[in-house]
Amino acid sequence: MWRRLAGLLLAFAAATAGLWLLSSRLSTGQARRPLRFPSDLEELRELAEALRDYERQHRGAALALFCAAYLYKQSFAIPGSSLLNVLAGALFGPWTGLVLCSALTSVGATFCYLLSGAFGKQFIVYYFPDKVALLQGKVEENRSCLFFFLLFLRLFPMTPNWFLNLSAPILNIPVSQFFFSVLIGLTPYNFICVQTGAILSQITSLDAIFSWDTLLKLLVMAVAALIPGTLIKKYSKKRLKLDDNKHTQILNGKKSL
């Protein structure tokens, strides 16, 4: 167990050092400025403003840093990827940002899956035995329609996404089904976050919030969030075995990327 922990810490240290070296090369204006992950919307707005001019002049470097930071958070199950989704909308626009975040979410979650399979299985089982056993039972009950069960968990998560990423290799979920369930299942959530960033980057006054263009975008976001969930919910009632309220309460958690 301790060898696995040492391997995980080594991988984390190497990734941290690589991200720090990459971010240290990024300069805003003429003076170098240390970059850090935003912890709230105010810090996010400041970071977006600092990076916007640099992104116009050095799009490749800004894109590389964003991808590295996103994969770093996803791979090591560090909360806060939703703020990076918003930042993507502000920097790259709604549609480029959506494609980018959907791809990075899937790749990063798969890295987390692989790291957990290589180093973290014993720790997950040791610290979350009840949740792992319960989720294992549900996976086996729905093995015949596993992909749709995984989509259900992503759209209506009974567990946080970080726990699904970490426990998936323990549950013998094929990596291909895992990847595409993340890609499809989290697209509505990514869409909302990215569109929020794109809207916030364009708002310069309170009057702009109530413009027809902004209201139309908010309406599209609401519809995009409701349609996939409604379809999966109807399918789950017919095909999936999810009628155990006690189990749902045990696994209940907030969506966290």
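Above this note sits the structure.
Read on for a plain summary of the structure.

Conventions we followed
- Residues numbered from 1 in each chain as written.
- Predicted model: local features only at pLDDT ≥ 70, side-chain atom pairs only at ≥ 80, totals over all residues.
- Heavy atoms only, no water.
- Phe/Tyr/Trp six-rings, centres within 6.5 Å; stacked < 30°, edge-to-face > 60°.
- Buried < 20%, exposed > 50% of the residue type's maximum accessible area, 1.4 Å probe, protein only.
- Lys NZ or Arg CZ within 6 Å of the ring centre and 35° of its normal.
- 1 Å grid on protein atoms, 1.4 Å probe; cavity = no way out; pocket = protein on both sides within 12 Å on 5 of 7 lines; lining within 4 Å.
- Points joined across faces, edges and corners; volume = space filled by probe spheres on them.
- Helix = DSSP H or I, 4+ residues; strand = E, 2+ residues; numbered from the N terminus.
- Nonpolar A, V, L, I, M, F, W, Y, C, P; charged D, E, K, R; others polar.
- Disulfide = S-S within 2.5 Å.
- Salt bridge = Lys/Arg side-chain N within 4 Å of Asp/Glu carboxyl O.
- Axes fitted to C-alpha atoms, helices over the stretch in contact; angles between N-to-C directions.
- Parallel < 35°, antiparallel > 145°, perpendicular 65-115°, else oblique.
- Left-handed = near helix turned anticlockwise from the far one by under 90°.
- Contact = heavy atoms within 4.5 Å.
- Expected span 1.5 Å × (residues − 1).
- Bend = angle between axes of the 7 residues up to and from the residue.
- Core = buried A, V, L, I, M, F, W, Y, C linked by side-chain atoms within 4.5 Å.
- Polar contact = N/O pair within 3.5 Å; in protein donor to acceptor, adjacent residues only side chain to side chain.

**What to know about the packing of aromatic side chains**
Part 1 of the argument: Tallying each qualifying case throughout the model produces 13 aromatic pairs.
Part 2 of the argument: On the numbers, 6.0 Å between centres and 80° between planes, the contact of Phe147 with Phe148 is edge-to-face.
Part 3 of the argument: Residue classification places Phe147 among the partly exposed residues on the basis of a relative accessible area of 23%.
Part 4 of the argument: Ring pairs connect the aromatic residues Phe12, Tyr72 and Phe76, which therefore count as one cluster.
Part 5 of the argument: One residue, Lys131, lies across the ring of Phe163, its end atom 6.0 Å from the ring centre.

**As for the layout of surface pockets**
Part 1 of the argument: If you add up the space inside the second largest pocket, you get close to 240 Å³.
Part 2 of the argument: In this structure, the second largest pocket is lined by 15 residues; those nearest its centre are Leu8, Phe76, Leu115, Gly120 and Leu166.
Part 3 of the argument: Secondary structure elements with two or more residues in the lining of the second largest pocket: helix 1 (2-24) and helix 5 (94-127).
Part 4 of the argument: For the lining of the second largest pocket, the leading source of residues is helix 5, giving 7 residues.
Part 5 of the argument: Residue composition of the lining of the second largest pocket, grouped by class: 12 nonpolar, 3 polar and no charged.

**Regarding the state of the cysteines**
Part 1 of the argument: Applying the stated rule across the entire model yields 0 disulfides.
Part 2 of the argument: Cys101 supplies the cysteine sulfur nearest to Cys193, a cysteine that is in no disulfide, at a spacing of 8.3 Å.
Part 3 of the argument: For Cys193, a relative accessible area of 10% gives the class buried.

**Focus: the pattern of salt bridges**
Part 1 of the argument: According to the stated counting rule, one finds 2 salt bridges in the structure shown.
Part 2 of the argument: For Glu141, the salt bridge identified is with Lys138, shortest N-O distance 3.8 Å. With Glu141 and Lys138 both in helix 6 (residues 129-141) and 3 residues apart, the pair spans about one turn of that helix.
Part 3 of the argument: The closest approach of N and O atoms between Arg143 and Glu140, which form a salt bridge, is 2.6 Å.

**Let's talk about the packing of helix 3 (residues 59-75) against helix 4 (residues 81-92)**
Part 1 of the argument: For the pair helix 3 and helix 4, interaxial distance at closest approach is 10 Å and the crossing angle is 165°. Relative to helix 4, helix 3 is oriented roughly antiparallel. Crossing of helix 3 over helix 4 shows left-handed handedness. Where helix 3 abuts helix 4, its residues Arg59, Leu63, Phe66, Ala69, Tyr70, Lys73 and Gln74 lie against Ser81, Leu84, Asn85, Leu87, Ala88 and Phe92.

**Some remarks on helix 5**
Part 1 of the argument: Relative to the 50 Å expected for 34 residues at 1.5 Å per residue, helix 5 spans just 39 Å between its end C-alpha atoms, considerably shorter than the ideal helical length.
Part 2 of the argument: Taken as a whole, helix 5 carries its principal kink of about 85° at Gly120.

**Some details on the environment of Asp53**
Part 1 of the argument: Mapped onto the secondary structure, Asp53 falls in helix 2 (residues 41-57).
Part 2 of the argument: Since its relative accessible area comes to 46%, Asp53 is described here as partly exposed.
Part 3 of the argument: Taking C-alpha positions, Asp53 is 9.6 Å from Leu91, a pair spaced 38 residues apart along the chain.

**Thoughts on the nonpolar core**
Part 1 of the argument: Ile124, Leu135, Leu153, Ile173 and Phe178 are the most contacted members of the largest nonpolar core, which has 22 residues in total.
Part 2 of the argument: The element that contributes the greatest number of residues to this core is helix 7 (residues 146-155), accounting for 5 residues.
Part 3 of the argument: The next biggest cluster of nonpolar side chains, apart from the first, holds 20 residues, and it includes Leu44, Ala48, Leu51 and Leu100.

**Let's talk about the side chain of Ser106**
Part 1 of the argument: The residue Ser106 is located in helix 5 in this model.
Part 2 of the argument: Taking relative accessible area as the criterion, Ser106 reaches 0% and is therefore assigned buried.
Part 3 of the argument: A polar contact is formed between the side chain of Ser106 and the backbone oxygen of Ser102, at a distance of 3.0 Å.
Part 4 of the argument: Excluding its chain neighbours within four sequence positions, the residues that come into contact with Ser106 are Phe179, Val182 and Leu183.

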